[in-house]
Amino acid sequence: MTAPPGLQAEDRPDFERALHQALRTAEIRGALRRDGSPGDADIQRLRSQALLESETIATAAAPEYAAYLRQRAAAGATAASTAPVASAVSASPTPSAGVGGPLSAVAVLAPALAGASTVAFLLLGGLLRLFDSQRELSDALLTAGLTSATIAAVTLAAGVVCLLVTAVRHRTSAPDQRPRPWPVRPHRQPRRPPHPRPHPHPPTHPPYVRRRDDAAVATARDAWLRALLHRGILPFLRDRLKMSHTSYNLSRISQKSEKGST
């Protein structure tokens, strides 16, 4: 069985379902009963004949099928073009992303290390100053302690400024999550919800486009299946049943003539 010209593989089940629907109609069932052959074997015979002649049947609905293919291709192209935009929007970092990484760590650790060094230098220098033989070393340690104290003070001030700047950035960039109260109108008028905020994305955002395109594709598919059923499959089955009915009548006439001659 060969597929009709241009009929794609994913559309073959639709063709077979339309054929099954045609074989189950009252018209075809009644024609089979008139021929004296309403059994499943005769239905399968008609089905096999229709599948073998599927090329001819499908050409009867070629315009509708071409329109269906164009609509489906356009919907696929639209989905493919809007998918990168949607993924880029969803993956875009927030304004506060990356703020306070290594800089915040340095701002916290530097004052602590400098303060610990200051305490160690001053304590050790003070102990050594008690001995006259270690006066030079104690002076050097005390000088290093004062230097460390200065560094600790500077880095602490810088860390506080850095933390304040980070807090301000987070506060200004974070969206307002608090529910907004509805406006209260005088004279006990019924409250109305506030106007919705404009959508951050244009109307061509993928969900809107997908719903619109899916509806157009479904409409084109239904038009093709109707044309395939009424202009292609049913006329083919009627023609085959007419031929079968004619051959059946001819066989009965020949049998009667043979009985009459005997």
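Residues numbered from 1 in each chain as written. Predicted model: local features only at pLDDT ≥ 70, side-chain atom pairs only at ≥ 80, totals over all residues. Heavy atoms only, no water.

Draft legend 1. Quick look at the overall build of the protein. Summing up its helical and strand segments, the protein has 8 helices and 0 strands in all. Across the 262 residues in the protein, those meeting the buried criterion constitute 24%. Expressed as a percentage of contacts within the protein between residues at least 6 apart in sequence, the contacts between residues at least 24 apart total 74%. A total of about 18,100 Å² of accessible surface is found on the protein, and carbon and sulfur atoms cover 63% of it. (Helix = DSSP H or I, 4+ residues; strand = E, 2+ residues; numbered from the N terminus. Buried < 20%, exposed > 50% of the residue type's maximum accessible area, 1.4 Å probe, protein only. Contact = heavy atoms within 4.5 Å. Areas by Shrake-Rupley, 256 points an atom, 1.4 Å probe, with all protein chains shown as cover.)

Draft legend 2. Up close: the nonpolar core. Formed by 30 residues in total, the largest nonpolar core has its most connected members in Ile28, Leu46, Ile57, Trp224, Leu228, Ile233 and Leu237. If you list the elements that add at least two residues to this core, you get helix H1 (12-23), helix H2 (26-34), helix H3 (40-52), helix H5 (62-91) and helix H8 (206-261). Residue contributions to this core peak at 12 residues, all from H8. If sequence neighbours within four positions are ignored, isoleucine 57 has contacts with Phe15, Ala50, Leu228, Gly232, Ile233 and Phe236. (Core = buried A, V, L, I, M, F, W, Y, C linked by side-chain atoms within 4.5 Å.)

Draft legend 3. Focus on H3. With 13 residues, H3 should cover 18 Å at 1.5 Å per step; its first-to-last C-alpha distance of 18 Å lies within 8% of that length. Within H3, the full set of buried residues consists of Asp42, Ile43, Leu46, Ala50 and Leu51. (Expected span 1.5 Å × (residues − 1).)

Draft legend 4. Representation of the environment of proline 63 in the model. Within the secondary structure, proline 63 is located in helix H5. The class for proline 63 is exposed, based on a relative accessible area of 54%. Taking the C-alpha atoms as reference points, proline 63 and tryptophan 224, separated by 161 residues in sequence, lie 8.2 Å from one another.

Draft legend 5. Molecular detail of the environment of alanine 116. Checked against the element boundaries, alanine 116 lands in helix H6 (residues 102-128). Classification of alanine 116 as partly exposed rests on a relative accessible area of 48%. Taking the C-alpha atoms as reference points, alanine 116 and serine 148, separated by 32 residues in sequence, lie 8.7 Å from one another.

Draft legend 6. Quick look at the pattern of salt bridges. Under the counting rule described, the total for this entry stands at 8 salt bridges. A salt bridge links arginine 72 to glutamate 10; the shortest N-O distance between them is 3.7 Å. Of this pair, arginine 72 sits in helix H5 while glutamate 10 sits in the segment before H1, and the two are 62 residues apart along the sequence. The partly exposed category is assigned to arginine 72, whose relative accessible area is 22%. Between arginine 231 and glutamate 64 there is a salt bridge, and its shortest N-O distance comes to 2.7 Å. Placement of the pair is arginine 231 in helix H8 and glutamate 64 in helix H5, with a sequence separation of 167 residues. Several salt bridges share partner residues, and in doing so they unite Glu10, Asp11 and Arg72 into one network. (Salt bridge = Lys/Arg side-chain N within 4 Å of Asp/Glu carboxyl O.)

Draft legend 7. Representation of the packing of aromatic side chains within the structure. As enumerated under the stated definition, the model contains 3 aromatic pairs in all. Plain terms: the ring middles of tyrosine 65 and tryptophan 224 are 4.8 Å apart, the flat faces sit at 45° to each other, and that makes the pair tilted. A residue pair is termed long-range when its members are at least 10 positions apart, and tyrosine 65 in helix H5 and tryptophan 224 in helix H8 qualify at 159 residues. Like tyrosine 65, the residue tryptophan 224 is buried in the burial classification. Among the aromatic side chains, those forming a connected cluster through ring pairs are Tyr65, Tyr68 and Trp224. (Phe/Tyr/Trp six-rings, centres within 6.5 Å; stacked < 30°, edge-to-face > 60°.)

Draft legend 8. Molecular detail of the packing of H2 against H3. Running from amino to carboxyl end, H2 crosses H3 at an angle of 120°, the nearest separation of the two axes being 11 Å. In this view, H2 runs oblique relative to H3, as classed from their interaxial angle. Along this stretch, H2 crosses H3, giving a crossing that reads as right-handed. Contacts between H2 and H3 involve Ile28, Arg29 and Leu32 on the former and, on the latter, Asp42, Ile43 and Leu46. The residue inventory of the contact of H2 with H3, partitioned by class, reads 4 nonpolar, no polar and 2 charged. (Axes fitted to C-alpha atoms, helices over the stretch in contact; angles between N-to-C directions. Parallel < 35°, antiparallel > 145°, perpendicular 65-115°, else oblique. Left-handed = near helix turned anticlockwise from the far one by under 90°. Nonpolar A, V, L, I, M, F, W, Y, C, P; charged D, E, K, R; others polar.)

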